[in-house]
Amino acid sequence: MLTLRSILQQISQFFRGMSVRVTKRMYRSSAVFMAGAAVITVIAFTSTGFGSSGKNALTAFAETRALEDATDDENVEEEETASQAKVQINLTDPKMQAQQLAGNLLEKEVIQKQELEKESFTRIQRMNEQIALEEEAKKQAQIAAEEAQKAKEAEEAAAKKAEEEKAARATSLSDEDYNVLLKIVQAEAGVCDDEGKILVANVILNRVKSGKFPSTVKGVVYSPSQFSPVSNGSINSVKVTSNTIDCVERALEGEDYSNGALYFMNRRGSRSGAISWFDSHLTYLFQHGNHEFFK
């Protein structure tokens, strides 16, 4: 026959061997159930004639199991609380880490976006500045081209005008008059500088144009008592130099220093009567080299 202790141990092992997870309330219910079962068992065994020693052992065992169950209940409650706290911490830490990682990623993305926007703005600004510089350079180049074209046109117009004036001033001479002009300039101013030679040619041409003298170079030069090289015949023996030819050409093209002079005289080589007539009848203009010019 089974003893009281072995029965209680089997009941306790039955409940402990249950693989179902119990809650705190279930633990308490089982404890009450076990206590009730123990009381019933004690009553039953007492009623069948167990001695007082058996009754005391059963009571002691019941009290001992109740105390152990209460202790087990508290341990289970503490373990459950600790597990829940641990689970809560374990759940909270990854969540916080995930939130922090998401925040870091979002911050990094925002910073990258701002940097890209800033870089894009800077690039666009540089492109606009480059376009503005190119437009300004193009505008300046166009202005410079227009000014250069205007200057060229003005220069061409001035050159054309000078040619027209030169052509208007130029004296058209026959070959005979041209040769006579070369000889008289060489005879009168062969030793003079370019301006001295041009001045002699200017006086001859001024007489041709004045209306007071013959209208040809030959008629002016060979008028009686006008030029000493004609009077002494030296005009026929002179050799015309290339420099004299160049000076006569310049005079014919309009280069004029005469101020309208119609007479010139070399005071040291002229007769006193001629000098007296020049001084009393003509207007003195200027002197160049050994020649004095009158009008």
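If you're wondering where the values come from, they're calculated on a predicted model, not measured in any experiment.

Peer 1: How should the overall build of the protein be read in this particular structure?
Peer 2: Helices and strands together make up the secondary structure of the protein, namely 9 helices and 3 strands. Secondary structure elements of the protein, listed N to C terminal, follow the sequence α-α-α-α-α-α-α-α-β-α-β-β. Residue burial in the protein is summarised as follows: out of 295 residues, 23% are buried. Pairs at least 24 apart in sequence give 67% of the contacts found in the protein among residues at least 6 apart. For the protein, the accessible area works out to roughly 20,600 Å², and carbon and sulfur atoms hold 55% of it.

Peer 1: Before we go on, may I ask you to explain helix 9 (residues 272-281) in this structure?
Peer 2: Side chains three or four residues apart in an α-helix point the same way, a direct result of the helix having 3.6 residues per turn. For helix 9, the set of buried residues is Ala 274, Ile 275 and Phe 278. Summarising the axial view, the buried residues of helix 9 lie within an arc of 100 degrees, below the 170-degree limit, and thus occupy one face. Seen from the open side of helix 9, the exposed residues pointing more than 90 degrees away from its buried face are Ser 272, Ser 280 and His 281. Contacts from the buried residues of helix 9 go to strand 1 (263-266) and strand 3 (291-294).

Peer 1: Can you walk me through unusual backbone geometry in this structure?
Peer 2: A negative phi angle characterises most non-glycine residues, just as the trans form characterises most peptide bonds. The phi angle at Ser 225 is positive, at roughly 60 degrees, despite the residue not being glycine. Among the secondary structure elements, Ser 225 is positioned in the loop between helix 6 (217-221) and helix 7 (228-232). Judged by its relative accessible area of 70%, Ser 225 falls in the exposed class. The phi angle at Asn 259 is positive, at roughly 55 degrees, despite the residue not being glycine. Among the structural elements, Asn 259 can be located in the loop between helix 8 (242-252) and strand 1.

Peer 1: How do you make sense of the packing of helix 5 (residues 194-210) against helix 8 when you look at a structure like this?
Peer 2: Each pair of packed helices gets described by two things: the angle between the helix axes and the distance between those axes. It is the contact of helix 5 with helix 8, at a shortest axis distance of 9 Å, that shows an interaxial angle of 50 degrees. Accordingly, the angle class assigned to the pair helix 5 and helix 8 is oblique. Seen from above, helix 5 lies across helix 8 with right-handed handedness. The segment helix 5 lies against helix 8, with Asp 194, Lys 197, Ile 198, Ala 201, Asn 202 and Leu 205 engaging Asn 243, Thr 244, Cys 247, Arg 250, Ala 251 and Leu 252. Here the contact of helix 5 with helix 8 is composed, by residue class, of 6 nonpolar, 3 polar and 3 charged.

Peer 1: Looking at this structure, I do not really get the packing of aromatic side chains. What am I missing?
Peer 2: One pair of aromatic rings is described through two measures. These are the centre distance and the angle between the planes. Tallied over the full model, the rule gives 9 aromatic pairs. Ring centres 6.1 Å apart and planes at 70 degrees place the aromatic pair Phe 213 and Tyr 263 in the edge-to-face group. Residue Phe 213 is located in the loop between helix 5 and helix 6, and its partner Tyr 263 is located in strand 1; the two are separated by 50 residues in the primary sequence. Per residue, the accessibility class of Phe 213 equals that of Tyr 263, and both read buried. Relative to Trp 277, the ring of Tyr 263 lies with its centre 6.0 Å away and its plane at 70 degrees, an arrangement referred to as edge-to-face. On the criterion of sequence distance, the pair formed by Tyr 263 in strand 1 and Trp 277 in helix 9 is long-range, its members being 14 residues apart.

Peer 1: Quick question: what am I supposed to make of the side chain of Asn 206 here?
Peer 2: Mapped onto the elements of the fold, Asn 206 is located in helix 5. A distance of 3.0 Å separates polar atoms of two side chains, one belonging to Asn 206 and the other to Ser 258.

Peer 1: I'm lost on the sheet that holds strand 3 in this one. Help?
Peer 2: Adjacent strands of a sheet pair through backbone hydrogen bonds, lying either parallel or antiparallel. Strand order in the open sheet formed by 3 strands is 1-3-2, and the pairing between neighbours is antiparallel. This sheet does not close on itself; its edge strands, each paired only once, are strand 1 and strand 2 (284-288). For this sheet the average axis-to-axis angle between neighbouring strands, irrespective of direction, equals 25 degrees. Bridge count for strand 1 against strand 3 is 4 bridges, and the pairing is antiparallel. Within strand 3, the residue paired with Asn 266 across the bridge is His 291.

Peer 1: Explain the side chain of His 291 to me, please; I cannot follow it from the model alone.
Peer 2: Positionally, His 291 belongs in strand 3. His 291 sits in the buried class, given a relative accessible area of 6%. Once residues lying within four places of it in the same chain are set aside, the contact partners of His 291 are Glu 188, Cys 192, Val 200, Phe 264, Met 265, Asn 266 and Phe 286.

Conventions we followed
Residues numbered from 1 in each chain as written. Predicted model: local features only at pLDDT ≥ 70, side-chain atom pairs only at ≥ 80, totals over all residues. Heavy atoms only, no water. Helix = DSSP H or I, 4+ residues; strand = E, 2+ residues; numbered from the N terminus. Buried < 20%, exposed > 50% of the residue type's maximum accessible area, 1.4 Å probe, protein only. Contact = heavy atoms within 4.5 Å. Areas by Shrake-Rupley, 256 points an atom, 1.4 Å probe, with all protein chains shown as cover. Arc of directions from axis to C-beta. Axes fitted to C-alpha atoms, helices over the stretch in contact; angles between N-to-C directions. Parallel < 35°, antiparallel > 145°, perpendicular 65-115°, else oblique. Left-handed = near helix turned anticlockwise from the far one by under 90°. Nonpolar A, V, L, I, M, F, W, Y, C, P; charged D, E, K, R; others polar. Phe/Tyr/Trp six-rings, centres within 6.5 Å; stacked < 30°, edge-to-face > 60°. Polar contact = N/O pair within 3.5 Å; in protein donor to acceptor, adjacent residues only side chain to side chain. Pairing = 2+ DSSP bridges.

Take it as geometry only, folks, not as evidence of what the structure does.
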